[in-house]
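# Results of the structural survey
Chain residues, written in single-letter form:
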Amino acid sequence: MIREFKAQIFCRENNLSKREIDTADPIWIDRIDAFFRRTSLLPSDGDPTEYAAAFESVYPQPRHRRQYIDDAISKGTPCFGHKVLGSLIAARKVDCVFTTNFDPLVEDSALSASMILPVSDRVRPTVAAIDSAERAMRCLNESDWPLVAKLHGDYQSIAIKNTGPELEEQDARMRHVLVEAGKRFGMIFVGYSGRDASILEALATILDNPSPFPNGLYWVTSSVSRLLPAVTEFLNRAQLAGVDVAIIECATFDELAADTIKTIDLPVMLFDRVMLGRPTPRLVPVQLPTAEARPFPVLRYSALLIEKMPCSARRVTLAKPTTSPAVRELLKEKNRRATVAANGRELAVFGRDQDILSALAPLGPTVAGEIKLDPVADSWALGLLYDALVRSLARHRPLIPMYKRAGHSVVVAAPRNGEDPERTRRNEQVLTTLRDAYGCALSGTIPRLGFPFQEGVFLKLDQFDGRWWCGFEPYTFVHIPRPSFSQKSNSDESDTADLGPMAARVDRGGDPAGDWRRERWAQRYNRNWAAIINAWAQLLTTTGGGARRAFGLEDGSGIDAVFEISPVTGWSRPGHHHAYFDRSK
């Protein structure tokens, strides 16, 4: 809906016909988004009030908004998730559903499921909207389930809530029902963004009671990173109030429904009905050819096999608990080099023991032997090894490690003013093969824009088929400074603000160097890519000797992170021969 509203406003403001644009085309989507970033017609993308403002701008009159909703709902059909939810209601496994949607899909699915049951077992859900809230209050008072409560109104209601003022205050009676339900039961939130403050405020009042959400609070989202700040604050408050809070990541409603019915016993008639409503599988069995494949590889991966990596790190116990960022800040203040992962009062560390103890003195550190690393079971161990791998690959090479929450990388170190000429000559010699593969300078300044750039690779530590691999993806890093911060010079470790996937400042409304970067890579075809992959594989593995050490500790003064990495990238060959692989014709 937001995308459609934005397209209509864009056409209106630019005197265009809706027929002239294609809202499914990424180019038009980028143009429309760029238009709204330049104007103040709507709140910024992702703002909780964006939906309400866009809806009211396109349809100022309530009757027109109701008509739009009615037209949209007429095209809707229950999905697999609706059919599962309806069957759970019909089987009396779900007593109460609160929804901010206007459509009748939940109650229609429940009635449809109920009709296949014996007459004595059938249920008919009570539907209550904001103009019929007394029904919801009666169901709550008399425990007359099931109930479907429409918090923002029903599509047939005279009053439905869409705009900012309408969403600011929830109907008092419906609010009472929601609050009372939260005081008596646990709740599962599915597909709810938390954009409207009225409902979140009602939920927050539940936390003021002696025993809120007695059976827990489960918030299902496609990604934790997409939770709005108001939702995160509410969940934190609930946890402090003693509520059993869980955030569950699940991509779609259908996937959640499929997982749910695996653990809930439905009557056979309802279960069979649900299974008939499953989407058509995308994967179907096929008969594979049996002829032998040709022996040569046909696909090359930009991934290097890690033949050996650290299995233990130094264990350091602390007098008080801390976090990994806090420890890194202390190390940075004392200019000490180490790679750490915090787990409560314990640290797993690579680096020189004495440097670590002196830098972390305010935390009361004590060396306590070694700690085993299991990157498969422990995410902190995987993060520790990931950080150490990046450091080891950049050490004693003209490369700068860049540690980001979105993913680590290394970039070519640009020559500095006043640098030792001999060091500059050695670096240029080491980078000769890589420079020849690119066919141009590896660092410099973008013409007209004046932004510094450096060639680099994104790095990823992943396990496939029981073996660990270091994947790398070449990219061009562009340093786009923020106006409010002084420009930082190159250092051994960069911890600047998060960047977009191609190192663009996402908070600046796009990538001003995007066109230049695309032109730089557009003409690089298979032969160029093969040469670039070869050159990076050689630079990351063979340059500087065999095993890669993160700190070069060989005197027993601490535990070093040592990696043995194959200089040969991964290859793939077909499991059978096919004419597609015959390139001689």
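The structure this text deals with has already been given above.
Since the model is a prediction, treat every value here as computed from it, not as a measurement.

Rules and cut-offs
- Residues numbered from 1 in each chain as written.
- Predicted model: local features only at pLDDT ≥ 70, side-chain atom pairs only at ≥ 80, totals over all residues.
- Heavy atoms only, no water.
- Axes fitted to C-alpha atoms, helices over the stretch in contact; angles between N-to-C directions.
- Helix = DSSP H or I, 4+ residues; strand = E, 2+ residues; numbered from the N terminus.
- Parallel < 35°, antiparallel > 145°, perpendicular 65-115°, else oblique.
- Left-handed = near helix turned anticlockwise from the far one by under 90°.
- Contact = heavy atoms within 4.5 Å.
- Nonpolar A, V, L, I, M, F, W, Y, C, P; charged D, E, K, R; others polar.
- Pairing = 2+ DSSP bridges.
- 1 Å grid on protein atoms, 1.4 Å probe; cavity = no way out; pocket = protein on both sides within 12 Å on 5 of 7 lines; lining within 4 Å.
- Points joined across faces, edges and corners; volume = space filled by probe spheres on them.
- Phe/Tyr/Trp six-rings, centres within 6.5 Å; stacked < 30°, edge-to-face > 60°.
- Buried < 20%, exposed > 50% of the residue type's maximum accessible area, 1.4 Å probe, protein only.
- Lys NZ or Arg CZ within 6 Å of the ring centre and 35° of its normal.
- Core = buried A, V, L, I, M, F, W, Y, C linked by side-chain atoms within 4.5 Å.

The next subject is the packing of helix 7 (residues 133-142) against helix 9 (residues 172-184). Packing of helix 7 against helix 9 brings their axes to within 8 Å, and their N-to-C directions diverge by 25°. The orientation of helix 7 relative to helix 9 falls into the category roughly parallel. Of the two possible hands of crossing, helix 7 and helix 9 adopt the one that is left-handed. Across the interface between the two elements, Ala-133, Glu-134, Ala-136, Met-137, Leu-140 and Asn-141 from helix 7 touch Arg-173, Met-174, His-176, Val-177, Glu-180, Ala-181 and Arg-184 from helix 9. The residue inventory of the contact of helix 7 with helix 9, partitioned by class, reads seven nonpolar, two polar and four charged.

Spatially, the three strands line up as an open sheet ordered 4-5-6, and their pairing is parallel. One side of each edge strand has no neighbouring strand; the edge strands of this open sheet are strand 4 (187-190) and strand 6 (245-249). Strand-to-strand twist of the sheet, defined as the mean angle between neighbouring strand axes without regard to direction, takes the value 15°.

Counted by the stated rule, this structure contains one cavity of 30 Å³ or more. What the largest cavity holds in volume is close to 30 Å³. Lining of the largest cavity is provided by Ala-341, Asn-343, Glu-346, Leu-347, Ala-348, Ile-371 and Trp-380. Residue assignment for the lining of the largest cavity shows that the elements contributing at least two residues are strand 9 (338-343) and strand 10 (346-352). Looking at the lining of the largest cavity, the element that brings in the most residues is strand 10, giving three residues.

The subject of this paragraph is the packing of aromatic side chains. If you walk through the whole model with that rule in mind, you get 18 aromatic pairs. On the numbers, 5.2 Å between centres and 80° between planes, the contact of Phe-35 with Phe-36 is edge-to-face. According to the relative accessible area criterion, Phe-35 is buried, its value standing at 9%. According to the relative accessible area criterion, Phe-36 is buried, its value standing at 9%. A ring pair is formed by Trp-145 and Phe-185, whose centres lie 6.0 Å apart and whose planes are at 80°; its orientation type is edge-to-face. Linking Trp-145 in the loop between helix 7 and strand 3 (147-150) with Phe-185 in the loop between helix 9 and strand 4, this pair joins segments that are 40 residues apart in sequence. Chaining the aromatic ring pairs together yields one cluster made of Phe-189, Tyr-192, Phe-213, Trp-219 and Phe-234. Between the NZ or CZ atom of Lys-6 and the centre of the ring of Phe-36, over which it lies, the distance is 5.7 Å. Sitting over the ring of Trp-28, Arg-31 keeps its end group 4.8 Å from the ring centre.

Turning to the nonpolar core, a few remarks are in order. Ranked by size, the top nonpolar core spans 48 residues in total, and within it Phe-350 and Trp-536 carry the most contacts. With nine residues, the top contributor of residues to this core is helix 16 (residues 379-394). With 34 residues, the next largest nonpolar core counts Ala-136, Leu-140, Leu-147 and Met-187 among its residues.

The strands making up a sheet are joined through hydrogen bonds of the backbone, oriented either antiparallel or parallel. If you trace the three strands from one edge of the open sheet to the other, you get 1-3-2, paired in parallel fashion. The sheet terminates laterally at strand 1 (96-99) and strand 2 (126-128), the two strands that pair on one side only. Put simply, the sheet's adjacent strands are angled 15° from each other on average, direction ignored.

To continue, consider the pairing of strand 9. Along strand 9, five of the six residues are buried, which leaves the element largely enclosed by surrounding structure. Hairpin connection, strand 9 to strand 10: the antiparallel pair is bridged by two residues, and Gly-344 has positive phi, about 70°.

Taken N-terminus to C-terminus, the directions of helix 1 (residues 2-14) and helix 3 (residues 50-58) make an angle of 45°; their axes are 9 Å apart at the nearest point. One element, helix 1, and the other, helix 3, form an angle in the oblique class. For helix 1 against helix 3, the interelement crossing comes out left-handed. Within the contact between the two elements, helix 1 uses Ile-2, Phe-5, Lys-6, Gln-8, Ile-9 and Arg-12 and helix 3 uses Glu-50, Tyr-51, Ala-54, Phe-55, Ser-57 and Val-58.

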